Amino acid sequence: MRWSKRREAFRALFAGDRCIHPGSVFDPLSARIAEELGFEAGMFAGSVASLTVLGAPDLIVLTLSEFAGQAYRINRAAELPLMVDADHGYGNALNVTRTVEELEAAGVAGLSIEDTALPQPFGTLGKTQLISIEEGAGKMRAALAGRRDPELMIFGRTSAASVTDTEDAARRIAAYEAAGVDAIFLVGVKTKAQLETLRNAVKLPLMLGGAGPEIMDLDYLSSMGVRICLQSHAPFMAAVQAVYDTLKALREGTAPKDLQGVAAPELMRRLTRDADYKARMEDWL
């Protein structure tokens with residue numbers, strides 16, 4: 001499939017002057033919903049991928065092939081530019097190169113590589129640790145080496161603002177900018193003072209995750225060079241709750257008799273593109 005158009009649209013967001021909230025998606029139908037509702041981009045997180053594919057917590061038990069496979073299914077179903085969280089690149093710098101190759105083939109528009117020590121070393125469960133700046137920069141160079149399509153955006157990601165301190169975060173993102181990444185993904189920035197310090201450390205556009213309420217204002221974020229700010233991954237959690245409640249009602253015999261009506265058949269027909277399939281059947285069969 002051809003992915004250039006969506007990658008160009010994604011790059012245009014970062015070349016613009018405003019910050020957006022992407023739609024958190026986890027499967028083909030959720031991506032089509034986000035697209036229909038007018039989101040400019042989708043976000044597929046590693047934590048959500050682990051839950052969706054394995055029903056497992058975010059402990060890096062998901063494999064690259066499982067993650068790339070789900071990303072491809074999402075991209076195949078929708079035209080929405082997809083940003084993905086590729087965690088630590090599933091290993092060392094060589095693994096990072098392979099990760100970029102596979103995710104590029106899966107059609108993603110952007111991906112982030114982080115400097116967290118993953119999987120967590122023995123005796124550190126629950127305590128986030130970071131790799132050295134030198135190793136982190138090496139991973140960024142390896143990611144760039146794996147890229148074939150220059151339109152694919154590669155983000156250097158760090159949680160240093162919440163794990164170590166703002167000064168360490170500034171040193172890290174400056175090193176990742178020097179390595180050649182296209183943008184910086186900051187996790188855990190809570191205050192304007194933190195964001196302004198980090199903004200001054202690099203010239204690249206920014207992406208935020210886990211931002212504090214003090215800075216969650218799109219006009220302010222836009223003025224600070226932030227182009228994407230995550231809102232959480234509530235859609236997947238809401239979907240889990242809805243399935244649980246429906247199955248519980250069916251099990252207990254308290255579900256509405258017309259459950260198909262509750263399930264919005266017209267919406268399902270639209271999202272599954274029922275009319276398109278039927279038209280093709282009439283033409284071809």
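The model shown is predicted, which means the values in this text are computed figures rather than measured ones.

Chemist: When you look at the overall build of the chain in this model, what are you seeing that I'm missing?
Modeler: Summing up its helical and strand segments, the chain has 14 helices and 8 strands in all. Over its C-alpha atoms the chain spans a radius of gyration of 20 Å, differing by no more than 12% from the 19 Å that the globule rule assigns to 285 residues. Summarising its shape, the C-alpha atoms of the chain cover approximately 60 × 45 × 40 Å along the three principal directions. Considering the chain as a whole, with its 285 residues, one finds that 48% of them fall into the buried category. Taking all contacts inside the chain whose residues are at least 6 apart in sequence as the whole, residues at least 24 apart take part in 68%. Carbon and sulfur atoms form 55% of the exposed surface of the chain, whose accessible area is close to 14200 Å².

Chemist: Sorry if this is basic, but what is going on with empty space enclosed by the protein here?
Modeler: Any empty space left between atoms is shown by rolling a water-sized probe over those atoms. Applying the stated criterion across every chain, the model contains 1 cavity of 30 Å³ or more. Lining the largest cavity are Gly46, Ser50, Asp58, Ile60, Val61, Leu62, Asp87 and Tyr90. The residue makeup of the lining of the largest cavity, split by class, is 4 nonpolar, 2 polar and 2 charged.

Chemist: Could you clarify how one ought to interpret the pairing of strand S8 (residues 226-229) in this entry?
Modeler: Two faces make up the sheet, and in a regular strand the side chains alternate between them. As paired strands, strand S7 (residues 206-209) and S8 are joined by 3 bridges and run parallel to one another. Residue pairing across strands places Leu206 opposite Val226, the latter belonging to S8. Between the parallel pair S7 and S8, the chain is carried across by helix H10 (residues 218-223), and the sense of this crossover is right-handed.

Chemist: Teacher, can you tell me more about the packing of aromatic side chains here?
Modeler: Geometry of an aromatic ring pair is reported as the spacing of the ring centres plus the angle between the planes. Applying the stated rule across the entire model yields 7 aromatic pairs. With a centroid separation of 6.3 Å and 85° between ring planes, the pair formed by Trp3 and Tyr72 is classed as edge-to-face. Of this pair, Trp3 sits in the segment before helix H1 (4-15) while Tyr72 sits in helix H4 (residues 64-77), and the two are 69 residues apart along the sequence. Classification of Trp3 as buried rests on a relative accessible area of 8%. Aromatic ring contacts, followed pair by pair, group Phe10, Phe14 and Phe155 into a single cluster. The positively charged end of Lys192 is found above the aromatic ring belonging to Tyr220, 4.8 Å away from the centroid.

Chemist: Would you explain the pattern of salt bridges in this entry?
Modeler: Pairing between side chains of opposite charge can happen when the charged atoms of each approach one another. Using the criterion set out here, one finds 18 salt bridges in the structure. With a closest N to O distance of 3.6 Å, Arg273 and Glu35 form a salt bridge. Within this pair, whereas Arg273 is found in the loop between helix H13 (265-271) and helix H14 (274-284), its partner Glu35 is found in helix H2 (residues 28-36), the two being separated by 238 residues in sequence. Between Arg98 and Glu102 there is a salt bridge, with the nearest N and O atoms lying 2.9 Å from each other. Here Arg98 and its partner Glu102 are both found in helix H5 (residues 93-105), 4 residues apart, which amounts to about one turn of the helix. On the accessibility criterion, Arg98 (46% relative accessible area) is partly exposed. Via salt bridges that share partners, Arg11, Arg147, Glu151 and Asp182 belong to a single interconnected network.

Chemist: Just checking my understanding: could you explain the nonpolar core for this structure?
Modeler: Taken as a class, soluble globular proteins show a tendency for nonpolar side chains to be buried jointly. Judged by nonpolar contacts, the single largest core of 57 residues is most densely connected at Leu111, Ile184, Leu195, Leu208 and Leu221. Not counting the four nearest positions on each side in its chain, Leu111 is found in contact with Met83, Val84, Ala86, Val100, Leu103, Leu152, Met153, Ile154 and Phe155. Within the second largest apolar cluster, 16 residues are counted, among which are Ala41, Phe155, Val187 and Met207.

Chemist: Quick question: what am I supposed to make of unusual backbone geometry here?
Modeler: Glycine aside, the phi torsion of most residues is negative, and most peptide linkages are trans. The peptide bond linking Leu118 to Pro119 adopts the cis configuration, its omega dihedral lying at -15°. If you trace the backbone, Pro119 turns up in the loop between strand S4 (110-114) and helix H6 (133-146). One non-glycine residue, Tyr90, lies in positive phi territory at about 65°. Examined against the element boundaries, Tyr90 turns out to sit in the loop between strand S3 (82-85) and H5. Look at Tyr90 and you get buried, because its relative accessible area is 17%. Even without being glycine, Ser232 reaches a positive phi, approximately 115°.

Chemist: Would you mind showing me how to read the layout of surface pockets here?
Modeler: The computed volume of the largest pocket comes to approximately 810 Å³. Lining the largest pocket we find 29 residues, and of these Phe26, Ile33, Ala239, Ala242 and Leu267 sit closest to its centre. Considering every element that reaches the lining of the largest pocket, the biggest residue donor is helix H11 (residues 234-252), with 5 residues. Here the lining of the largest pocket is built from residues that sort into 21 nonpolar, 7 polar and 1 charged. Reported here for the second largest pocket is a volume of approximately 440 Å³. Lining the second largest pocket are 24 residues, with Asp58, Asp87, Glu114, Leu118 and Arg157 positioned closest to its centre. Every element with two or more residues in the lining of the second largest pocket is listed here: helix H3 (46-54) and strand S6 (183-187). Along the lines of polarity and charge, the residues of the lining of the second largest pocket split into 11 nonpolar, 8 polar and 5 charged.

What counts and how
- Residues numbered from 1 in each chain as written.
- Predicted model: local features only at pLDDT ≥ 70, side-chain atom pairs only at ≥ 80, totals over all residues.
- Heavy atoms only, no water.
- Helix = DSSP H or I, 4+ residues; strand = E, 2+ residues; numbered from the N terminus.
- Rg over C-alpha atoms; globule rule 2.2 N^0.38 Å.
- Buried < 20%, exposed > 50% of the residue type's maximum accessible area, 1.4 Å probe, protein only.
- Contact = heavy atoms within 4.5 Å.
- Areas by Shrake-Rupley, 256 points an atom, 1.4 Å probe, with all protein chains shown as cover.
- 1 Å grid on protein atoms, 1.4 Å probe; cavity = no way out; pocket = protein on both sides within 12 Å on 5 of 7 lines; lining within 4 Å.
- Points joined across faces, edges and corners; volume = space filled by probe spheres on them.
- Nonpolar A, V, L, I, M, F, W, Y, C, P; charged D, E, K, R; others polar.
- Pairing = 2+ DSSP bridges.
- Right-handed = clockwise from strand over helix to strand, strands pointing away.
- Phe/Tyr/Trp six-rings, centres within 6.5 Å; stacked < 30°, edge-to-face > 60°.
- Lys NZ or Arg CZ within 6 Å of the ring centre and 35° of its normal.
- Salt bridge = Lys/Arg side-chain N within 4 Å of Asp/Glu carboxyl O.
- Core = buried A, V, L, I, M, F, W, Y, C linked by side-chain atoms within 4.5 Å.

That's the geometry; what it means functionally is another story.
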